[in-house]
Amino acid sequence: MTADTKRTGAQILWEVLVREGVEVVFGYPGGAIMPAYDAMLQYPIRHVLVRHEQGAAHMADGYARASGRVGVCVATSGPGATNLVTGIATAMLDSIPMVCITGQVGSKLIGSDAFQETDITGVTLPITKHNYLVTRAEDVAPMLRQAFYVARSGRPGPVLVDITKDAQQGSTSFVWDDRPVRLPGYRPEHKPRAEDVQRAVDLLDAAERPVIFCGHGVVAAGAGELLRELSEKGDIPVASTLLGLGSFPASHPLSLGMMGMHGEAWVNQAIQEADLLVALGMRFDDRVTGNLETYATRAKKIHCELDPAEVQKNVRVDVALVGDVGETLRAVVPAAARRERRAWLERIRSMKGASAVHDIQSMPPCGRLYAAHVMHDLWRITEGKALVVSDVGQHQMWEAQYYKHDFPRKLITSGGLGTMGFALPAAIGAKFACPDDEVWVVVGDGGFQMTAAELSTIAQEGIKIHVAVINNGYLGMVRQWQQFFYGGRYSATPMRSPDFVKLAEAHGLVGLRVTEREQIAEVVAAARASKDTAVIDFRVEQEDSVYPMVPTGADLHDMIRRPNPLVETSDS
Amino acid sequence: MSAPSYRTFIAYVEDLPGVLNRITSLLRRRNYNIVSLTVGRTERVGTSRMTIVVEADEDAARRIEANLYKLVNVLWVEDTSPAATLVRELALVKVKAAGVARGEVMRLCDVFRARVVDVGPEALVAEITGTADKIDGLVDVLRPFGVLELVRTGAVAMLRSAEATGADRAPGPTTPDDVKAA
């Protein structure tokens, strides 16, 4: 405990943030949060002024995903708070630790439909891990401390703290209580039972055709190394969810890459033929499983998952190891047998051959620009070391397929909610978390325009990132579905965009354009050499589709395959 | 997976504003149908107790319990289905009972061990405590006379075992009333 001193609630807010190690917050001021903004000037915390509160939430999210720490955003009451909602839901679905601070009208006015009053704790109830309404200065410190603790512990998630104007203005004695937070009903930790660990090890040792699944929980637990040990010890291939990419190196010989709806056909086929699935920190999302009736019917299943509510939810598993993935692997890895599984790996290799994998690099120039080429060239030019933040849609899948991630926390994308407009602001947050990283935004022409106003934030903050707009003139993924499943009727998917080069220049940034494959290297080099953020408008093939594809609800092995060898995966 | 049936959960929760909302919001959001939900104070200071009846199969029941535990304000949850449990509900039934019908209605109330708590010239009010089935039974036999109004509390549940006590489920002292009564 530190000395007892009088402070306003607004000051206490920043006192707590400083003590929680917060260095940067993303926000937008307004009436009900003005006392907090006034007090902020006295504290060593950088504030990034966003152009829309949704951007603030995505920036805090991107910061958290890149750093593993709690991201913080600030908004005023009413519209400020409701503008955060999409960003909070995004963080909730992907289990991202975040604290969202909102101003609220004075406690006496609550319930009166006062100016800019919204019941934001009510609105965010289903999309936060927990939330607080603070009506007294005395409660600011304890509730904020709890918020940080709840956000980061167990399965992480966003926590909203709504602070009334009078709670910010009121004064009270500030005592910093640095004892661990204790909440009587909150039990974030779980430990798998020893007998279940033993059953898992027995299944693992006996399996002839096992596949390990790597999910976002592996990233959150920092368990990549342990996963690698398990895989190498048992000669077991590893498939990844979208959010798990990078925690097992894509260049590793046992890496299968992404599975599911847009996973490679041979990867999904391997899952369907497996006799054991070892799922680590993932939740068998419908994008991963396809039709549950026919999903991996030959396989026993082991599920290592921190959240007991995820176990036996989508897929029936044989052994559930409820606990931190890292802790669980620390028990499993030493007990598992070292063995080879040559026949199984050979079988997988043969399926890979049958999928007619071509190196897109070896294809002759055809005068056209494919998004796959752009992704692949970006991967080569950045030597696979960039921190890539992708948006949602076709380009997101192409990024996942063609940019090979070898490191965790270097692919940031909205997986669960699939939030268009996420990438640009999330990349700003990521850049603040990792200022030395080369940050690339990969975004479609549709998603880019949802939050393009944050280019202004980039210019004001003077940060340098790179923005690759994969511009095909359509809302591409919806257009693809219309082509496949709606008789080719392009309802509301053709999209006219502004001149992105001029848009960048209007913000005082650099605008560049690529229309042919041969220009990629030169233009990317120019973007990297520029001291300012560059926006590159990649004018790609308009009606290209993401392959392979498991249609929604179809069997995992029943994929729509690539018709065009030009966009086959490189795997040489 | 087992067939869906009514499952009765007991939950101890912190007695704070909005906690009931968190519970109902969770059940609604996860698409579980609440059959009944009752809330009241307990013998522990600052702790409320809920009895929640939900339609669920075995797996769903386990997930409901796990999801309830994820709420920060939930102290303790138990699915009572596997244990010997007392479940009671209270109902008030206002039924037409004029002239000769009155004697008949009162006899039926007697059979069901319902108490007649108010009698007027046209109608009477019966109070009945019991399981949902027993209350359904009374209402069924009174219906031909004309049920004018019916109110039911929803179920409250308690495990029979002396080993199941509030002290294991929630922190804090018992209420002053209980201390006096003891």
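What counts as what
- Residues numbered from 1 in each chain as written.
- Chains lettered and ligands numbered in written order.
- Predicted model: local features only at pLDDT ≥ 70, side-chain atom pairs only at ≥ 80, totals over all residues.
- Domains from an automatic or database assignment.
- Contact = placed C-beta atoms within 7 Å.
- Helix = DSSP H or I, 4+ residues; strand = E, 2+ residues; numbered from the N terminus.
- Nonpolar A, V, L, I, M, F, W, Y, C, P; charged D, E, K, R; others polar.
- Pairing = 2+ DSSP bridges.
- Axes fitted to C-alpha atoms, helices over the stretch in contact; angles between N-to-C directions.

### Thoughts on the domain arrangement of chain B
All names here are of chain B.
- Segmenting chain B into domains produces domain 1 (5–83) and domain 2 (86–156).
- Spacing between the C-alpha centres of domain 1 and domain 2 amounts to 29 Å.
- Taken together, the contact pairs 6 residues of domain 1 with 5 residues of domain 2.
- Secondary-structure elements contributing two or more residues to the side of domain 1 that touches domain 2 are strand E2 (34–41) and strand E3 (47–56).
- At 3 residues, the largest contribution of residues to the side of domain 1 that touches domain 2 is made by E2.
- In terms of residue class, the side of domain 1 that touches domain 2 is made up of 2 nonpolar, 4 polar and no charged.

### Side note on the sheet that holds strand E1 (residues 5–14) of chain B
Residues and elements named next belong to chain B.
- Pairing in this open sheet of 4 strands is antiparallel, and the strands run E2-E3-E1-E4 from one edge to the other. Strands at the two margins of the open sheet, each flanked by one partner only, are E2 and strand E4 (74–79). For this sheet, the mean angle separating the axes of adjacent strands, direction not counted, is 15°.
- Where E1 and E4 come together, 5 bridges link them in antiparallel fashion. In the strand pairing of E4, alanine 11 is matched with valine 77.

### Quick notes on the interface of chain A and chain B
- Contacts between chain A and chain B engage 13 residues on the former and 17 residues on the latter.
- In terms of residue class, the side of chain A that touches chain B is made up of 8 nonpolar, 3 polar and 2 charged.

### Quick notes on unusual backbone geometry
All names here are of chain A.
- For the bond from tyrosine 547 to proline 548, the omega torsion is -15°, close enough to zero to count as cis.
- A positive phi is found at alanine 492, a non-glycine position, where the angle reads about 60°.
- Mapping alanine 492 onto the fold places it in the loop between helix H21 (476–485) and helix H22 (500–506).

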